[in-house]
Amino acid sequence: MIQISEHFTYRKLIRFTFPSAVMMVFTSIYGVVDGLFVSNFAGKTAFAAVNFILPYLMVLGGIGFMFGSGGSALVAKTLGEQDTPRANRIFTSLVVTSLLSGVALGILGFVFLRPVSFWMGARGQLLEDSILYGRIYLLGIPASVIQFEFQNLYTTAGKPKLGLYSTVASGVANIVLDALFVAGFSWGLVGAAAATVLSQLLGGLLPLVYFSRKNTSMLQLTKSKFDGPAMVRVCSNGASELLNNISMTVVSILYNVQLLRYAGDDGLAAYGVLMYIDFLFISIFLGYVLGVSPIISYHYGAQNHKEIRSLLQKSLVIIGTCSLLMFAISELSAGPVSRLFVGYDCALLAMTLRGFLLFSFNFLFAGMGIFGSAFFTALNNGLISAILSGMRTIVFQIAFVLILPLFWNIDGIWLSVVVAEFLAALLSMVTILLKRKTYHY
């Protein structure tokens, strides 16, 4: 079994991070599978409703990424300092805090679901369908928070494969239940939402059961007092991930508003297809940084600067290679994927295919922007991480989705992501260069 304390060659690094990447891909399958079944069995209005309300729902569960990234960095650093008992105390406080937060957010999300949907621009059947899907989905928010959180913590505990198995199990359950509820029983949006909730419950309960018992990992849930100062550090360090999640939601909402303005419901449906592919490809980058971040944090705690430099160099090569492959795959698969989702409507298919071919250029740059923010989170520098994350989404994407459509209409919406990711990648590279002496890499 590979330990995070080891020296990592390319082969060992890929082997160690591969389960996290696959884990994130299966996590992204929730929305993709729901959309695929809803589009083909419930129609494009219901499909547009799922795409419309999903950003709001994802930001609620996304607080798990804050707890996971910030907590993983602190726990891994503490393990690197050879203080396992304290690492377990932090780990326990982290899980309890995130679970209670998930319950509170689920309740708040239910209360504000209708006014938020109306404020975002939903009317008529789109509004009612969005609320119907959202109310059921919100029942699974606490489990979703735990599942997102453990995507980091599995790796920190030295059990990336266990995280993979857990996520694959919940992903497969989602696919089977979607086929049964939506295609088999014709439950439409209700079936899609129920399938997602049940699969999230499975993914959230499995880590709680495993880590509450004696196990062979580096971490275990223990009886301990709440560690308030540690939770403050966790939240401050992981704030960049929360900011990234919130800002992505704001950006998605703004995209929905712009698409409704320039292309109506068809624009929302086309954007939904692009987002599903974006989820799948970006999840590979996210999975990689989930896998490599605890290693960087551990060696930062151990003051092993040489290994951090090696990890940085190898990561840049791996991300660059993946970026080129993703771009090529997305360009070649644009036609088949578009027809799979919206082949029943010729006008919608043409719009989706056009957007696909333009939008896919963002995969050349997105990985670098994601890695830059995660790299500084792993070094326990939440401020720089938050700045990079905020510039990538809040500043660049919002600015260009408002400006470019004025010149190129709906093409400007697709291209705004490309320009924003390019600038974010450039900013990350410059920041890494400027901080090389501070962190000795």
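Residues numbered from 1 in each chain as written. Predicted model: local features only at pLDDT ≥ 70, side-chain atom pairs only at ≥ 80, totals over all residues. Heavy atoms only, no water.

A. Region of interest: the overall build of the chain. Broken down by element type, the chain carries 15 helices and zero strands. For 441 residues, the compact-globule estimate of 2.2 N^0.38 gives 22 Å, and the chain sits close to it at 21 Å. Considered along the principal axes of its C-alpha atoms, the chain spans approximately 60 × 45 × 35 Å. Out of the 441 residues belonging to the chain, those deemed buried represent 61%. Within the chain, contacts between residues at least 6 apart in sequence are counted, and of these 83% link residues at least 24 apart. (Helix = DSSP H or I, 4+ residues; strand = E, 2+ residues; numbered from the N terminus. Rg over C-alpha atoms; globule rule 2.2 N^0.38 Å. Buried < 20%, exposed > 50% of the residue type's maximum accessible area, 1.4 Å probe, protein only. Contact = heavy atoms within 4.5 Å.)

B. Quick peek at unusual backbone geometry. The backbone of Asn-380 shows a phi angle near 60°, a positive value even though the residue is not glycine. The topology assignment puts Asn-380 in the loop between helix 12 (366-378) and helix 13 (382-403). Positive phi outside glycine occurs at Asn-409, with the angle close to 55°. With respect to the secondary-structure elements, Asn-409 resides in helix 14 (residues 405-434).

C. Focus on helix 6 (residues 141-156). Here helix 6 is 16 residues long and its end C-alpha atoms lie 23 Å apart, about the 22 Å a rise of 1.5 Å per residue gives. Along helix 6, the largest kink reaches about 40° and is centred on Phe-150. Taking burial as the measure, the 16 residues of helix 6 include 16 buried ones, the bulk of the element. (Expected span 1.5 Å × (residues − 1). Bend = angle between axes of the 7 residues up to and from the residue.)

D. Quick peek at the nonpolar core. Formed by 128 residues in total, the largest nonpolar core has its most connected members in Tyr-133, Phe-371, Phe-375, Phe-376, Leu-379, Trp-414 and Tyr-441. When residues of this core are assigned to their parent elements, the largest contribution, 28 residues, is made by helix 9 (residues 228-301). Sequence-distant contacts of Phe-376, that is, excluding residues within four places in its chain, are made with Asn-381, Ile-384, Ser-385, Leu-388, Thr-431, Ile-432, Lys-435, Tyr-439 and Tyr-441. (Core = buried A, V, L, I, M, F, W, Y, C linked by side-chain atoms within 4.5 Å.)

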